[in-house]
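# Results of the structural survey
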Amino acid sequence: MAGSTTIGSSNQIVGNLSVTTLTVGSSSTITGNVQATGAVTNHGSVIGYISAKGCMSNNGSISGDANSPCLQNNGTIGGTQCSINDNVGPCGPVLTCFNDDFNSASAFPQNWTLSTSSGSFVPTIASGRVRLTEAAQDQATRITMNRRFPAANNRVEIEFDYYSYAGNSADGIAVVFSDATVTPQSGGFGGSLGYAQRTDHGKPGFAGGWLGIGMDEYGNFARAVEGRVGGYTGSLQPDRLVIRGSASSQYRYITRSGTLSPGLDKTGTSAGPGHRYKIIIDSTSVGQSLVSVLRNTGSGFVEIISPLDILSFGFQQNVPEKLLLSFTGSTGDVYNRHELDNLQVCAALSEPIVLAPDHYRIEKPPKGYFCGDASIKVKACDDAACNTLYSNPAGLTLTTNKGSWDNSNLNINGEITAKLRVDQSLADGSGVALVTMGGINPSPSAPVYCYSNGLQTDCKLSFEAMALAFSQGSKNRPFTAISSKNAQTAFTQDIYVGLAAPESCEADLSGQSLLLSMDCADPAVCHALQFRFNGNAVSEGNYINTQLTFDSQGFARIPANSLRYDDAGTINLLAKNSDQDAEGVSNNFVVKPTDLLLSVAMDNPHVAGKDFNIRVEAVGAAGQITPNYNVSDGINTNSSDLQVTLEKLLPASIGSQGRLSLGSIQSQNPGSASFQAISSEDSLSFSQGVGQAIVNYSEVGQIRLTVRDRDYQGAGSIVSNSQTLTNFIPAYFSLPVAGDVQPGCGEFTYMGQEFAISGQVEARNLQGVRTANYFGSLASGLLYARLSNGSTEVNRLQNTGPFALNWNNGLANFSQSLVFSRATAADGPFANMLVGVLVQDDDGVQMQIPSTGFVSAVALENRAEFEFRYGRARLINAYGPETENLPVPLEIQYYNNGVWQLNQQDSCTRYQASKLVAGTMTTRVNGITSGDETVDKGKPVMPQMSFVLDAPGVVPGTNPTSLEWQVDDWLKFNWTGAGPSNPTAIATFGTYRGNDRLIFQREVF
């Protein structure tokens, strides 16, 4: 309804109105709220509020607020009169808002409690949203806000973004208000949406539930099936909002919305749809609790359930005083992933929930004694097993039917000890006073239980006569606790045993003998006969008569140096009198080993990265092992007390730090080295006082190792001797990248000609990691060159090393020239030849895996196999007229299995005019006397590019002329039988040589 509206007399309007102006006739009733942008005149009855931006004249009745800038009231207004012209709506209370964007997993458990009633999934933070269910079957979960909301005179507005996806459209969530005095727990799974009951599976509804607003994707929440009460029995009607009532009404159906479009969920695995919902519960009007639901799919909020007075339903009249807000998630045979985000809860009234302990625990001793106070430990426990103490302040008042507490009104911060004293006059005829203790007025409220020896029991404690106590060094009260001792060393102070508290018991004790024993506390079991009194062994729990007597003051003195414990651990002393009607236990005190003996079993030299054994023995002053020693405190989450210093001695102050595999301890330089905690307290696997571990060290050089127990059972540190571990060496050498071979000429090398190799070698540990400290005095690796042993000519490689290497950071670059020697007689060629390198040092470290065809060497693999050839340079006789320049032919040949042939692979041999000895003749190459050229496929490209002798013009005086070509040694040949020499030829001017292609010529007359 919009625009200017007039409602005549005696009309009934149900629903909210948004109008420009409004006139309500007499005897007309509007059940709903009115919002107007102009003036309002009311002669009738409005059950709700009226908000007008214009003037308001009320001559009738308004049950709610009247909000107008100019109000003339001649009738009745049940709510508040206000002028909030910029806020269309009721006057309403001031709302305080609480926001949660669910981005903090650590803050989530502080703001919410959670549980699961079906399935194993527990709500959690995922992708910045709170996930109520996984896309899996048969789940029911809940999260509950840690605030309470008074039900009366309150207004609560809840907004959130809703995501349902990654499944097959079921079932949904519920927004739940429940009785704050009942511990919340979700209800039935599937169509019950974690709120209603599901009797077909024996599942009750939400504990203490008062109202459940269900977002029903599958369409079952409104149906009277599966044990749900009320609703319809027809087919499924998905994508609706459904409201069900309180637990006392068996979660009876109340109403539902129409079908929502777009729906509540989306298909696919991407999160969505992310529509925003707003739920309002307005109880600011007496006798009403209006519930409405709005939704924003991107174009602003639209009302999908109009304000509905929940209290108009008779079964909803029993409203809890305070309510809890919960969200439940649910799936059945079909499912979706359900999530919330960007939650805002605004309320006029709310209060934080003060978290309480799970329970208070009164821990009592097995018995009490009249002559001393009974120490009672009181704990505020955060869990049922009391593994964690309640972290907030708590209070408890102790009670007793006999005796008195030293402090009965306890302020507890986790735990506190109280003392209960009972007089012997309260004993019954058997000499025992049976006391019933307890705790009242717990704050915060939680159950109070009594425990003894870790088991829950009744709260009764028997008091008997006389309790004994121990005091070190003095019998003056207050008694002095027995201090820590060293194993296998006599206790150096007197120990007194007397009454725990001054009473009338001294006379009873006087003259009686002291019986003495001991008990192991940590570890709980002693090794036999480790405790001694005057040299006599005392076993755990068995008393020995010391022949020491109690004096008239009720004290017996155990002389200094008469007690000794030869093991390690936390122990206490036990005492009785000879009549055995008094007994006592000393404080727990630590007896610790005096030394840790460190030994190492390893090779020398030792390969970096190779395992070796370290052994640590815990010993006392006599050098005997203390079998009860164990560095572990038994709590795996605690940091280990075992520590190590690992000093890198060589290389000193330079190089890289290595790692010891014992908890991955990194070495440090001497002088600045500190103890480092071993990550696992069981790394040395102590047994019978001996710990051993198989470890390795990653680097080369020298280290020093020391072990320490940082604080043995709180009694101080124990430091081992230091072990210097010398001469760690690499495991092997390797080529990190393939090396390179540069043949002397193209893809082959002449025998006797230099060719080059280059590359990089690396020193590595057994794990294949470079040992960066292999340099300087720690590096003696030398390089050797090798030919593959697939040829019988492997020994003809000259200058094979060793070659010095400049090691730096575990790496060394090499570049070296080599020669394959020529035999006396021509041979070859030798094809498919591979060149490799090996590195050896003074410690015998070699290459890791030799290449096929090599002994200890690794092939340089950047070049394919190549060939060694026996070569020679040949100069050919030349003839020509004296008037023309004379080319002198030349060629490069190689020996090919008995035959000399042109070396067509040679395009690298140079010939120079200056290298041809031609007597007085002038030699040119490329027309110049200083010219030089390179052969192509073993010879000049054309004759004119060979050696060329200048034409003399006349026949020279010496004709023919001897020529000698001065060539490199690898191109010389045994032309005359006198050994390798340069090639020679004859050049003749003035003679016609003829045509090489003419076999026979005859002149015909």
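As the structure is a prediction and not an experimental result, all values here were calculated from the model.

Right, let's talk about the packing of aromatic side chains for a bit. Summed over all chains, the structure comprises 29 aromatic pairs. Here the aromatic rings of Tyr629 and Phe686 are separated by 5.0 Å at their centres, their planes lie at 80°, and the arrangement is edge-to-face. Placement of Tyr629 in the loop between strand E57 (612-619) and strand E58 (642-650) and of Phe686 in the loop between strand E61 (676-677) and strand E62 (690-695) is noted, with a sequence separation of 57 residues between them. Taking the relative accessible area as the measure of exposure, Tyr629 reaches 1% and is therefore buried. Here the aromatic rings of Phe973 and Trp975 are separated by 5.0 Å at their centres, their planes lie at 80°, and the arrangement is edge-to-face. Members of the aromatic cluster, connected to one another through ring pairs, are Phe102, Phe108, Trp112, Phe160, Tyr162, Tyr277 and Phe327. Cation over ring: Arg244 sits above Phe221, and NZ or CZ is 5.5 Å from the ring centre.

This paragraph deals with the nonpolar core. Ranked by internal contacts, the top residues of the largest apolar core, which has 43 residues, are Phe755, Ile757, Trp807, Phe814 and Phe868. At the level of secondary structure, the elements contributing two or more residues to this core comprise strand E69 (754-764), strand E70 (782-787), strand E72 (811-820), strand E73 (830-833), strand E74 (835-840), strand E75 (858-859) and strand E76 (866-869). Beyond its immediate chain neighbours, meaning those up to four positions away, Trp807 contacts Phe733, Val761, Glu762, Ala763, Tyr774, Phe775, Gly776, Ala779, Gly781, Ala812 and Val839. Counting 42 residues, the second-largest nonpolar core is a separate cluster that includes Phe102, Ile143, Ile281 and Ala347.

What follows concerns the sheet that holds strand E14 (residues 76-77). Across the sheet, five strands lie side by side as E2-E5-E8-E11-E14; this open sheet has parallel pairing. On the outer flanks of this sheet lie strand E2 (12-14) and E14, each paired with one strand and no other. Judged from the three bridges that link them, strand E5 (residues 29-31) and strand E8 (residues 45-47) form a sheet pairing that is parallel. Within the sheet, the bridge partner assigned to Thr29 lies in E8 and is Ser45.

Under the criterion given, the structure shown has six disulfides. Note that Cys381 is cross-linked by a disulfide to Cys386, the S-S spacing being 2.0 Å. For the disulfide bridge between Cys381 and Cys386, the dihedral angle about the S-S bond is near -70°, and by the sign convention the bridge is left-handed. On the basis of relative accessible area, Cys381 is assigned to the buried category, the value being 0%.

Take the sheet that holds strand E51 (residues 563-565) next. Sheet architecture is open: three strands sit in the order E48-E47-E51, paired in antiparallel fashion. Across the chains shown, the open sheet's two edge strands, defined by having one partner strand only, are strand E48 (536-538) and E51. Shown here is a sheet whose adjacent strand axes are inclined to one another by a mean of 30°, direction ignored. Of the strand pairs in this sheet, strand E47 (residues 531-533) and E51 are connected by three bridges, and their pairing is antiparallel. Looking at the pairing, Phe533 lines up with Leu563 of E51.

In the structure shown here, the tally under the stated rule is 34 salt bridges. Taking the shortest distance from any N to any O, the salt bridge between Lys972 and Asp969 comes out at 3.1 Å. For Asp969, a relative accessible area of 56% corresponds to the exposed category. Look at the salt bridges and you will find they share partners, linking Arg155, Glu157, Glu159, Asp161, Arg276, Lys278 and Asp282 into a network.

Let's shift gears to the side chain of Ser57. When you line up the elements, Ser57 lands in strand E10 (residues 56-58). For Ser57, the contacting residues outside a window of four places in its chain are Val40, Thr41, Asn42 and Gln72.

Structurally, the position occupied by Val845 is in the loop between E74 and E75. Separated by 118 residues in the primary sequence, Val845 and Asn727 place their C-alpha atoms 13 Å from one another. Excluding residues that lie within four positions of it along the chain, Val845 makes contacts with Ile729, Pro730, Ala731, Tyr732, Phe733, Val839 and Gln840.

Another aspect to go through is unusual backbone geometry. A cis amide bond links Ser261 to the next residue, Pro262, at an omega of 0°. Checked against the element boundaries, Pro262 lands in the loop between strand E25 (253-256) and strand E26 (273-282). For the peptide bond that leads from Leu650 to Pro651, omega is -5°, which places it in the cis range. Within the secondary structure, Pro651 sits in the loop between E58 and strand E59 (659-660). Phi at Phe102 is positive, roughly 55°, even though this residue is not glycine. Inspection of the secondary structure assignment puts Phe102 in the loop between strand E16 (96-100) and helix H1 (108-111). You will see that Asn727, though not glycine, has its phi angle at about 60°, which is positive. Along the chain, Asn727 falls in strand E65 (residues 723-729). The exposure class assigned to Asn727 is partly exposed, which follows from its relative accessible area of 30%.

About the criteria used
- Residues numbered from 1 in each chain as written.
- Predicted model: local features only at pLDDT ≥ 70, side-chain atom pairs only at ≥ 80, totals over all residues.
- Heavy atoms only, no water.
- Phe/Tyr/Trp six-rings, centres within 6.5 Å; stacked < 30°, edge-to-face > 60°.
- Helix = DSSP H or I, 4+ residues; strand = E, 2+ residues; numbered from the N terminus.
- Buried < 20%, exposed > 50% of the residue type's maximum accessible area, 1.4 Å probe, protein only.
- Lys NZ or Arg CZ within 6 Å of the ring centre and 35° of its normal.
- Core = buried A, V, L, I, M, F, W, Y, C linked by side-chain atoms within 4.5 Å.
- Contact = heavy atoms within 4.5 Å.
- Pairing = 2+ DSSP bridges.
- Disulfide = S-S within 2.5 Å.
- Axes fitted to C-alpha atoms, helices over the stretch in contact; angles between N-to-C directions.
- Salt bridge = Lys/Arg side-chain N within 4 Å of Asp/Glu carboxyl O.

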